[in-house]
Amino acid sequence: MRITQRGERFTVVDDFLDDEELAELRGVAERSAFSDAVNSTVSVIQAEDGAARRGRRTVVRGATDGRTAGDPAAYARILRLVADEPATFGVPGEDWDKTGFTFWNYPAGSRLGWHSDAGGGRQGSYILFLHTEWRASWGGETLLLDEDASKPRDGLDPADVAGWVRDSDRVPVAVLPRPNRLLYLRAGTPHQVNRVDPTAGLVRTSLTGHVWKKLPESVTESRASFRRLLGALDGSAAPEAGRGTS
Ligand SMILES: O=C(O)CCC(=O)C(=O)O
Ligand SMILES: [Fe+2]
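Keep in mind that this is a model prediction, so the values were computed, not measured.

J.: Residue-level account of the site of ligand 1, with values.
T.: Residues in contact with ligand 1, as listed here, are Leu112, His115, Asp117, Ile127, Thr142, His191, Val193, Arg204 and His210. A distance of 2.9 Å is found between an oxygen atom of ligand 1 and a side-chain nitrogen or oxygen belonging to His191. Contact between ligand 1 and Arg204: an oxygen atom at 2.7 Å from a side-chain N or O atom of the residue. Protein burial of ligand 1: of its 300 Å² of free accessible surface, 94% is covered by the chains. Elements that contribute at least two residues to the shell around ligand 1 include exactly β7 (112–115), β12 (191–193) and β13 (204–212).

This is the structure in structure tokens:
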């Protein structure tokens, strides 16, 4: 495992898993069931995106879980890396307490439009490439703009990540999906998956996940209702809790 590139908001690690761990994880990916992600609950999938396929099962592990029996060794390796990278993900247990593990297949013709993974308590994300070969002409690069797009720009809807990229004075970085490469980035960083070229000889296969703090909104909500309850009990008006922005 070696860090090959670092930006302000992203890191590229190559040769992330050893041969045994990689073989095990590829086996799990191959045996997984996939379904079209176009109409799934994943909000970043856009209508014009060719059908990427999402693993049906997402595994979620906590910040202090270590290795869970039955998990591929790679999951614990990723959890450890996430815990060791507070500059990207924040402090384990404090800024994040959950990491997800989902397999994805991007066949020729598929892509994923610009988005930033911001919101929902997300701190960052990782992508680990599992296909056995990837030629530079096959497309499917992860493009990212090394900027924080989570604060709205003048005259721009904060949800318009493609508009943010269009108006930026920086140029995006293209990360080739080299096998056994791990890319991780902070939430709020614009990124997209370039369309996989029709000539691609393999399916772009990855294990990806978000790293997040469990439901901060509902915590805020329950605090607000607790205050309302206290207010009702002592007869005073309870102030509304402000909604945190992330
Ligand atoms: O596969 C990639 O390179 C990025 C995937 C992604 O951005 C996501 O699933 O949120
Ligand atoms: Fe993403």
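J.: An account of empty space enclosed by the protein is needed here, citing residue identities and associated values.
T.: In this structure the tally under the stated criterion is one cavity of 30 Å³ or more. Considering the residues around the largest cavity, the lining is formed by Ala149, Lys151, Pro152, Leu156, Asp157, Pro158, Asp160, Val161 and Trp164. When the residues that make up the lining of the largest cavity are grouped by side-chain class, the tally is six nonpolar, no polar and three charged.

J.: Mind laying out the side chain of His115, listing which residues take part and the relevant values?
T.: Note that His115 resides in strand β7. In this structure the side chain of His115 is engaged in a polar contact, spanning 3.0 Å, whose partner is the backbone oxygen of Gly113.

J.: Any details on the coordination of the iron ion (ligand 2)? Residues and values, ideally.
T.: The protein atoms that coordinate the iron ion (ligand 2) are His115 (NE2), Asp117 (OD), Asp117 (OD) and His191 (NE2), at distances spanning 2.1 to 2.7 Å. Metal-centred angles of 49 to 168° between the six donor atoms at the iron ion (ligand 2) mark the site as irregular. Every donor residue of the iron ion (ligand 2) comes from the same chain, spaced as H-x1-D-x73-H. Placement of His115 in strand β7 and of His191 in strand β12 is noted, with a sequence separation of 76 residues between them.

Criteria and cut-off values
- Residues numbered from 1 in each chain as written.
- Chains lettered and ligands numbered in written order.
- Predicted model: local features only at pLDDT ≥ 70, side-chain atom pairs only at ≥ 80, totals over all residues.
- Heavy atoms only, no water.
- Near = heavy atom within 4 Å.
- Polar contact = N/O pair within 3.5 Å; in protein donor to acceptor, adjacent residues only side chain to side chain.
- Areas by Shrake-Rupley, 256 points an atom, 1.4 Å probe, with all protein chains shown as cover.
- Helix = DSSP H or I, 4+ residues; strand = E, 2+ residues; numbered from the N terminus.
- 1 Å grid on protein atoms, 1.4 Å probe; cavity = no way out; pocket = protein on both sides within 12 Å on 5 of 7 lines; lining within 4 Å.
- Points joined across faces, edges and corners; volume = space filled by probe spheres on them.
- Nonpolar A, V, L, I, M, F, W, Y, C, P; charged D, E, K, R; others polar.
- Donors = N, O, S within 2.8 Å, 3.2 Å for Na, K, Ca; no water.
- Tetrahedral: all angles 85-135°; square planar, octahedral: opposite > 155°, others 65-115°.

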